[in-house]
Amino acid sequence: MEMRIKITVVLLLSGLILALLPLSANRSFTVKPEKLISEILDPDVSLTADQVARLIVNEDSTIRLIDLRTPEEFSKLSIPGSVNVPYKDFISSDLYMYMNDMNIRNILYSNDGLLSDYALVYARGLGYKNSFAMDGGLDEWIDTVIESKFTGERISARENALYETRTKAANLFIRFNSMPDSLKSAFMTANKFSAKKLDGGCE
Amino acid sequence: MNTLKKYSFVSAVFLILLSAVLYRSFNHSGFRYDAPRLASGSFNGSNIITEEQIPGFQNALIIDMSDSDILKERYNEITLKVKPDSILEKKNIRRIIKNKGPVILVSSENSISARIWMLLSQKGIKNIFILLPENHLIQPM
């Protein structure tokens with residue numbers, strides 16, 4: 001058989017095999033299973049509500065909160081500064097759109113934490129090591145941060161710092177969620193500006 | 001024989017490509033193709049069950065990753081005690097794959113069950129459920 005016929009046949013057969021591959025083959029897990037399981041069971045991939053509250057109060061610019069709930073739920077109540085990517089969309093879209101910047105830690109949250117746990121494994125399986133999950137989700141955030149009350153008689157310095165952070169985060173949360181959607185983005189920008197001004201320091 | 005010789009080059013290339021495709025499609029040591037489809041069981045909460053549903057499942061296998069022995073006492077014959085970090089060990093995976101009924105994941109923390117659910121689903125294991133307390137409300141997406 002002539003060489004060009006051979007090549008033609010090989011190309012045709014390769015095309016046939018490629019046609020049999022699923023379209024979403026490029027969105028299959030790339031991390032080795034053994035590596036992935038140790039990653040997802042590592043306590044460092046989970047953040048507590050208090051850790052997230054501190055990051056928000058400190059206006060940490062290296063984090064991005066991703067709310068996996070429905071747009072209706074997000075519009076009703078959300079953690080200030082978070083972006084809404086409903087779970088279904090998160091799974092079916094290209095995560096590169098949200099997670100391409102490896103210097104940003106993406107903190108996923110849902111109502112009770114289940115969806116964010118699925119999403120965490122999904123993102124890490126696709127190689128996005130910059131994904132984390134907030135333990136217990138928004139339910140835990142509300143219980144810990146928003147409904148936080150000090151009931152003892154004496155308070156240690158550490159407890160005081162924690163309580164102060166929770167109060168600041170709760171105030172921000174309440175003010176943010178009492179606003180119409182149209183003003184929320186402007187509020188976040190203004191809040192950042194005023195906080196920077198209050199921090200003082202020389203320019 | 002002559003024809004075989006003639007096409008030997010083409011056949012060899014074809015066989016190599018075909019075996020590569022088959023290896024990637026059916027290899028259980030890695031993950032399967034189409035991650036979004038494999039994750040779709042988690043979209044509407046249909047992968048969540050409560051304990052009262054267990055008797056309704058035939059040939060169920062309970063993967064108990066909790067610290068408690070309550071489930072082992074209640075469903076001794078169908079319960080496999082496994083630590084979450086050893087779920088991928090060959091003997092455990094083999095037991096899960098060989099099981100003819102549903103696989104039910106239990107852990108002291110729901111987050112562990114959810115994470116292991118996604119991991120096993122991506123390995124192509126179907127019919128996996130998470131056992132949650134009855135008061136856990138699942139909101140359809």
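The shown structure was predicted, so the numbers you read here are calculated from the model rather than taken from an experiment.

## Quick look at the overall build of chain B
Scanning chain B for helices and strands turns up six helices and five strands. Counting from the amino terminus, chain B carries its helices and strands in the arrangement α-α-α-β-β-α-β-α-β-α-β. In chain B, which comprises 141 residues, the share counted as buried stands at 32%. Long-range contacts, defined as pairs at least 24 residues apart, comprise 64% of the intrachain contacts of chain B with a sequence gap of at least 6.

## A word on the overall build of chain A
When its secondary structure is counted, chain A shows ten helices and five strands. Taken over 203 residues, chain A has a buried fraction of 32%. Of the contacts made within chain A by residues no fewer than 6 positions apart, 69% connect residues no fewer than 24 positions apart.

## Focus: the domain arrangement of chain B
Where interface size is quoted, it is often the accessible area lost as the parts come together. Taken domain by domain, chain B consists of domain 1 (1-30) and domain 2 (35-131). One C-alpha centre belongs to domain 1 of chain B, the other to domain 2 of chain B, and the line joining them spans 36 Å.

## Considerations on the pairing of strand 4 (residues 103-106) of chain B
The side chains of a regular strand alternate between the sheet's two faces. Residue and element names in this part refer to chain B. By the alternation rule, side chains of strand 4 split into Val103 and Leu105 and Ile104 and Val106, which are all buried. By the bridge criterion, four bridges tie strand 2 (residues 61-64) to strand 4 in an arrangement that is parallel. Bridging from a neighbouring strand, Leu61 pairs with Val103 of strand 4.

## Thoughts on the nonpolar core
Judged by nonpolar contacts, the single largest core of 73 residues is most densely connected at Leu108, Ala119 and Tyr122 of chain A together with Ile104 and Leu105 of chain B. The greatest single-element share of this core, amounting to eight residues, is contributed by helix 7 (residues 114-125) of chain A. Discounting chain neighbours no more than four positions away, the residues touching Ala119 of chain A are Leu68, Tyr87, Phe90 and Leu108 of chain A.

## Examining the sheet that holds strand 2 (residues 63-67) of chain A
All names here are of chain A. The five strands lie next to each other as 1-5-4-2-3, forming an open sheet whose pairing is parallel. Every interior strand has two partners, whereas the edge strands, strand 1 (46-47) and strand 3 (83-84), have only one. As defined by bridge partners, strand 1 adjoins strand 5 (residues 131-134) across two bridges and the pair is classed as parallel. Along strand 5, the bridge assignment pairs Leu47 with Met134.

## Description of the interface of chain A and chain B
Across the boundary between the two partners, chain A contributes 38 residues, which contact 32 residues of chain B. Among the elements of the structure, helix 1 (3-20), helix 2 (33-40), helix 5 (87-92) and helix 7 of chain A are those that each provide at least two residues to the side of chain A that touches chain B. Residue classes in the side of chain A that touches chain B are distributed as 23 nonpolar, nine polar and six charged.

## With respect to the sheet that holds strand 4 of chain B
Spatial ordering of the open sheet is given by 1-5-4-2-3 (chain B), a layout of five strands whose pairing is parallel. Unpaired on one side and paired on the other, strand 1 (48-49) and strand 3 (79-81) of chain B mark the two borders of the sheet.

## Observations regarding the environment of Asp94 of chain A
Residues and elements named next belong to chain A. Looking at where Asp94 falls in the secondary structure, it is placed in the loop between helix 5 and helix 6 (96-99). For Asp94, a count of 11 C-beta atoms within 10 Å gives the class exposed. Sequence separation of Asp94 and Arg27 is 67 residues, and the distance between their C-alpha atoms is 8.0 Å.

## A look at the confidence of the model for chain A
For chain A, per-residue confidence averages 87 on the pLDDT scale, and residues scoring 70 or more make up 90% of the total. Counted against residues more than four places away or in other chains, residues 195-203 of chain A, with its pLDDT under 50, gives one contact.

## Structural notes on the packing of helix 3 (residues 49-57) of chain A against helix 8 (residues 137-146) of chain A
Residues and elements named next belong to chain A. Where helix 3 contacts helix 8, the two axes come as close as 9 Å, and the packing angle between them is 70 degrees. Here helix 8 runs roughly perpendicular to helix 3, going by the angle between their axes. Taken together, the residues of helix 8 that come into contact with helix 3 (itself represented by Ala49, Asp50 and Ala53) are Glu140, Trp141, Thr144 and Val145. Of the residues belonging to the contact of helix 3 with helix 8, the class tally is four nonpolar, one polar and two charged.

## Some thoughts on the pairing of strand 5 of chain A
All names here are of chain A. Of the two faces of strand 5, the one holding Ser131 and Ala133 and the one holding Phe132 and Met134 are both buried throughout. Where strand 4 (residues 105-109) meets strand 5, three bridges bridge the pair, whose relative direction is parallel. If you follow Ile107 over to strand 5, its bridge partner there is Phe132. In this region the chain leaves strand 4, passes through helix 7 and returns to the parallel neighbour strand 5; the handedness of that crossover is right-handed.

## Structural notes on the packing of helix 7 of chain A against helix 6 (residues 110-122) of chain B
For the pair helix 7 of chain A and helix 6 of chain B, the least separation of the axes is 8 Å and the interaxial angle reads 40 degrees. One way to sum up the angle between helix 7 of chain A and helix 6 of chain B is to call them oblique. Note that helix 7 of chain A runs across helix 6 of chain B; the crossing there is right-handed. Across from Leu114, Asp117, Tyr118, Leu120, Val121, Tyr122 and Gly125 of chain A in helix 7 of chain A, the residues of helix 6 of chain B making contact are Asn110, Ser111, Ala114, Arg115, Met118, Leu119 and Gln122 of chain B. Taken together, the residues of the contact of helix 7 of chain A with helix 6 of chain B break down into eight nonpolar, four polar and two charged.

Rules used throughout
Residues numbered from 1 in each chain as written. Chains lettered and ligands numbered in written order. Predicted model: local features only at pLDDT ≥ 70, side-chain atom pairs only at ≥ 80, totals over all residues. Helix = DSSP H or I, 4+ residues; strand = E, 2+ residues; numbered from the N terminus. Buried ≥ 20, exposed ≤ 12 C-beta atoms within 10 Å, placed from the backbone. Contact = placed C-beta atoms within 7 Å. Domains from an automatic or database assignment. Pairing = 2+ DSSP bridges. Core = buried A, V, L, I, M, F, W, Y, C linked by C-beta atoms within 7 Å. Nonpolar A, V, L, I, M, F, W, Y, C, P; charged D, E, K, R; others polar. pLDDT = per-residue confidence, 0-100. Axes fitted to C-alpha atoms, helices over the stretch in contact; angles between N-to-C directions. Parallel < 35°, antiparallel > 145°, perpendicular 65-115°, else oblique. Right-handed = clockwise from strand over helix to strand, strands pointing away. Left-handed = near helix turned anticlockwise from the far one by under 90°.

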